[in-house]
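# What the coordinates show
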Amino acid sequence: MPEPGWRSHGLAIGRQEFRRTLRGLRSDSTRLAFLAFGGLFVSLFVLFGTWLVLQFAGDLTAYDLTDTIRGSFGLQWLFAAFIFAQRAGSRYDRIDNESLMLLTVSVRSIVVGLLGAEFLRTLAYVVVPVVLIGGAFVYATASPLTAPFLVLAVALFLLTSLVVGYAIGLAAKLLVARVRFVARYKSVLSVVAVFAFIGVYFLFQNTGSGGPTALLGYLPASWLVDLAVVGSPVVGDPVRAAVAGVGGLVWIAGWGLLVERIATELWFGDTVEHEVAQAKARVETGTGDDPLAAAVRPLAFPSISQPTLRIAQRAVVVARRNPSRLTFVFLPVIFLGSMLVSVAQSGALFAVLPPVLALVVPWLAGATFGLNPFGDEGPVLPATLTSLASGRQYALGLALPGLVLGVPLVLATTVGTGLYGPYTVTEVGLLASIALVCSALAVTAAPAVGTLFPRFDPVRVGSEREVVPPSLSAIVVYTLALVVPGAIAVGSALAPAATRRAFSLLVGGLFALPFILLDGRGLGVAGGVATWLQGVGTGIAELPTAWVHWGGYGIPLVVALGLCAWSFRAVGRRFEGYTVE
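Sequence order sets the numbering: in each chain, residues are counted from 1 along the sequence as written. The predicted nature of this model means local features are confined to residues of pLDDT at least 70 and side-chain atom pairs, given and counted, to a pLDDT of 80 or more, with totals for whole chains, interfaces and linings taken over all residues. Just so you know, side-chain values use all the structure's heavy atoms and leave hydrogens and water out.

With that settled, the discussion passes to the environment of Val536. By the criteria applied, helices consist of DSSP H or I runs no shorter than four residues and strands consist of E runs no shorter than two, each listed in order from the N terminus. Following the sequence through the fold, Val536 ends up in helix H24 (residues 524–541). Each residue is assigned to one of three classes by its accessible area relative to the maximum for its type, calculated with a 1.4 Å probe on protein chains only: buried under 20%, partly exposed between the two thresholds, exposed over 50%. Residue Val536 is classed as partly exposed on the basis of its relative accessible area of 28%. Placed 33 residues apart in sequence, Val536 and Phe503 show a C-alpha to C-alpha distance of 9.9 Å.

A few words now on the pattern of salt bridges. Throughout this description, the term salt bridge denotes a Lys or Arg side-chain nitrogen within 4 Å of a carboxyl oxygen of Asp or Glu. Applying the stated criterion to the full structure yields 15 salt bridges. Notably, a salt bridge pairs Arg70 with Asp226, separated by 2.8 Å at the nearest N-O pair. Residue Arg70 is located in helix H3 (residues 67–90), and its partner Asp226 is located in helix H10 (residues 224–228); the two are separated by 156 residues in the primary sequence. Grouping residues by exposure puts Arg70 and Asp226 together as buried. Taking the shortest distance from any N to any O, the salt bridge between Arg87 and Glu118 comes out at 2.4 Å. One end of the pair, Arg87, is in helix H3; the other, Glu118, is in helix H5 (residues 107–141), and 31 residues separate them in sequence. Using a relative accessible area of 23% as the deciding quantity, one classes Arg87 as partly exposed. Each member of the salt-bridge network shares a partner with another, and the members are Asp67, Arg70, Asp226, Asp237 and Arg240.

Here we come to the nonpolar core. The nonpolar core is taken to be a set of buried Ala, Val, Leu, Ile, Met, Phe, Trp, Tyr and Cys residues, with the residues joined through side-chain atoms within 4.5 Å. Core analysis: the largest hydrophobic core is formed by 42 residues, its most contacted members being Ile110, Val111, Tyr166, Leu170 and Trp267. Elements represented by at least two residues in this core include exactly H3, helix H4 (98–104), H5, helix H6 (146–178), H10 and helix H11 (238–268). For this core, the element with the highest residue contribution is H6, accounting for 12 residues. In this analysis, two residues are considered to be in contact whenever any of their non-hydrogen atoms come within 4.5 Å of each other. Contact partners of Leu170, with chain neighbours within four places excluded, come to Ala88, Asp93, Val259, Ile262, Ala263 and Leu266. By size, the runner-up hydrophobic cluster in this structure holds 28 residues, among which are Trp363, Ala442, Ala489 and Cys564.

With that out of the way, let us pick up unusual backbone geometry. In the Ramachandran plot, Asn97 falls in the positive-phi region, its phi being about 55 degrees despite a non-glycine side chain. Within the fold, Asn97 resides in the loop between H3 and H4. Among the residues examined, Asn97 registers a relative accessible area of 51% and is labelled exposed. Of note, Ala142 is a non-glycine position whose phi angle comes to about 50 degrees, a positive value. Of note, Ala142 is situated in the loop between H5 and H6. The class for Ala142 is exposed, based on a relative accessible area of 62%.

Structure follows, in structure tokens:
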């Protein structure tokens, strides 16, 4: 039973947990950098959206809400619930100092605290966009009565999706804690669930008006949009608005009680996770092989020296058993996948996919196994530094998994999609050559950059888990080193005229622009530099297409191969000269 004053206790816990989040964020430079970059990107859209609302919302006349609009709103509610479920199941399923807290206050107080903290975290992200765009709508439509209903609708949107998401996330954690099969294959099952939801989400997102999206308009959560537009020129259904407002409060209370029940079972019950983890750590060799060799099956490496083989095997085992450390690396791939979905809607998927695969698959092969080699070693780094005869063995061992896994995959995907797409056999052959060179560069440049910019500080990715991801500097430098020569070679091979035009505008326009501005402020030297850059841009535009085609294709690949050789030697030198402080 909850103690007297559980509401105030829960709110106090929520405020304290939110303060801890802020303190942890200030001490994590990587997360701050990602948030700053994402915030800058989102701010551009928010400002543009605010401008659009100010420009056109004033011309709105009476406009009836349709089920398609309500369904689109409901789809975003489902997406928010999915995000909350993911966060509850992976990061915020337990409170810090859990044993002490459970002896001090009731489960209900802790649940209210966790929900309150997550609500405050969400508000920190959405309050500025809501105030700007919502305020612009109220101002442009001259409907001040809408403001309190809009605030209420936003609060109910967040709270209703929050309690549903938390119930689903904690239920998933309870399954992991009780069911051995789920505990053993939780990574695979979670990936399947994420891809299934994202696939359905994009399917609904791109079906246009009517159809499945309109069916979501019958979801009660979709009626919150009727509540949000009360008093504005947009005409909603007052009955649905009233049901959304009153029913939302009942919804929050009911699902909150369910969250409390699931949390009680999770926090006070037994778990099979430790037994499953111990069973997974034991490797049955069967054929007399050593455990490390058996742990990487069915992957087989060529016959190489034993120290090099051990480095390669350990890199595979670390990537397989601790995939959470690659979360920060795969974020760009997720954004790229969302862009490819939009490309697929236009019917140009197989025109874009082959060159993208020729660059992305090698990038993944290098980042997966070698982007933070010293950090991946953890406490055994001193033993690794003293056990190998040369840095060459270490460099080769780090490169081997990416070559064995990445080269067949990139050739199969690039050639297969290229032949199916609009490209000729010659162009597919050029793409295959680019993919091979990029694979060699990726598996050597990743450890070279990773050893120059190592990271040893862990990042918390779950309530009880910490991982050591690659540093932000390593990710950026590695990406530029691979993508720049690869993209130039791809553009020159497939579209030399467009590549020539792009470089002409880049040099003669973008590069010259700062010097033109400085020249306008009276700096005479800048004018000469701007004139020279514009001349270079004009010269690039006049190059024969054949020169751009073969020169732009061959020169970047030669540079990539040279960088590959330098990276391989750099890894060896860095390994042999590295000292543990």
